[in-house]
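Close look at the chain arrangement
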Amino acid sequence: MWCFAELLGIDPLDSVGLGEGDTPLLDAASSQLSGKRGPRVSFKAEHQNPTGSFKDRIAAMASAIIARDQLVGAVGTSSGNGGAAMAAYGARAGFPVILFTVAGIVDGKLQQIVAHGAGTNIVAELGSAFGGVEEVSEAIAAMAADHGWLAFLTGARYAPEAMRGAETIAFELIEQRPTATAVYVPIGGGGLLASIWRGYRRMSSDRRLPRLVGVQPAGCPTLNRALAGMLDALDRPLTTTISGLQVPVLFDFDATTAITDSGGHVVEVTDEQAWDAQRLLARHEGLFVEPAGATALAGALADLEANRVGAGDDVVVVLSGAGLKDAASAARIGEDNAPRHINADDIGTVLAAYEASS
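Everything in this summary refers to the structure shown in the same document.

Calculation criteria
- Residues numbered from 1 in each chain as written.
- Predicted model: local features only at pLDDT ≥ 70, side-chain atom pairs only at ≥ 80, totals over all residues.
- Heavy atoms only, no water.
- Helix = DSSP H or I, 4+ residues; strand = E, 2+ residues; numbered from the N terminus.
- Contact = heavy atoms within 4.5 Å.
- Areas by Shrake-Rupley, 256 points an atom, 1.4 Å probe, with all protein chains shown as cover.
- Lys, Arg positive; Asp, Glu negative; His and termini not counted.
- Charge placed at Lys NZ, Arg CZ, Asp CG, Glu CD.
- Pairing = 2+ DSSP bridges.
- Axes fitted to C-alpha atoms, helices over the stretch in contact; angles between N-to-C directions.

Observations concerning the overall build of the protein
Across its full length, the protein holds 13 helices and ten strands. By principal-axis analysis of the C-alpha atoms, the protein measures approximately 70 × 50 × 45 Å. Pairs at least 24 residues apart make up 73% of the contacts formed inside the protein by residues separated by at least 6 positions. Of the roughly 15,000 Å² of accessible surface on the protein, a fraction of 52% belongs to carbon and sulfur atoms. On the protein, the mean spot of the 26 positive side-chain charges and the mean spot of the 41 negative ones are 5 Å from each other.

Encoded structure:
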């Protein structure tokens, strides 16, 4: 992504790279999504970033800021992917990383963070409770400023410059798919959607934006709530189980502007719809993402069903995180395809049975 260093306001000498960015845009191949009479659908494969999520772009930008400003290190909150990214880049650059993670963090993400050596603290109040995230985030931001650390909180409310790393997704999409008419983005704290909007605006202020569609679990309806003027944290516990999207308050209020400014809308989906989209990607597209990574597709599928997407549309779906991070969701996808234990002598029988059935 450092081909955009000048746009990001970063001296390449300050950058710390693991190969982030330049993720492929893959056209849908399955009959479920690539019918001749339907819209064109493609996937921005952000799960192919070095630590398995788009947050590598933000962590890479944060690392460059730490080097440029000679800060001590990074301190922040995380539900998993951001912490894993920041821990990896801290290890690469040699600065300390202290993280406060949500209770119930997915084991694969926690193991990734710990493996990279970040100081890790699991905070009980950051689970499904509705008030803790905002208070903890504001306290961390204040302490970071006082002690010379970078606050790694993935939203422009707390880390506006670091979030510019995610704008490079839009920079790449302008080059990869200038004809895009709609971009579907999963919503947790809103930073990804807002950053993509800012990236489009920065690079193409004189041209029409694709409409940006925010897709959020129905059990965490912060974006629709914010569009109705309620920007405070949810006043009830979250009911979604989608790791990474269990954020009861927007970290980036530009998420609402992204919707209104681009003529987009919000789609709320059930957890089951996200799981179904995850299965479709794995079984029919060969793309293995976590439930949060499939949520944007769940929204696109819902809009296709509701005729909110036309045959002439050119749809981009952002796949935000890799499936290897969440073993439980991977097991759910494969529960109808359990492996069989056989003897070596049975191999011929298995192949003969397959040929007979096909």
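Moving on, there is more to tell.
Describing the sheet that holds strand S3 (residues 74–78)
Taken in spatial order, the four strands of this open sheet run S5-S4-S3-S6, and their pairing is parallel. Each edge of the open sheet carries a strand with a single partner, namely strand S5 (119–123) and strand S6 (150–152). Across the sheet, the mean angle from the axis of one strand to that of its neighbour is 15°, orientation sign disregarded. Alignment of S3 against S6, held across three bridges, turns out to be parallel. Residue Gly-76 lies in a different strand from S6, and its bridge partner there is Phe-152. Most of the contacts of helix H2 (residues 55–69) go to S6, to which it runs at about 175°, and overall it touches S3 and S6. Helix H4 (residues 107–115) contacts strand S4 (97–102) and S5 of the sheet and is inclined by roughly 150° relative to S5.

As for the pairing of S5
Direction of pairing for S4 relative to S5: parallel, over a ladder of five bridges. Within S5, the position partnered with Phe-100 by the bridge is Asn-121.

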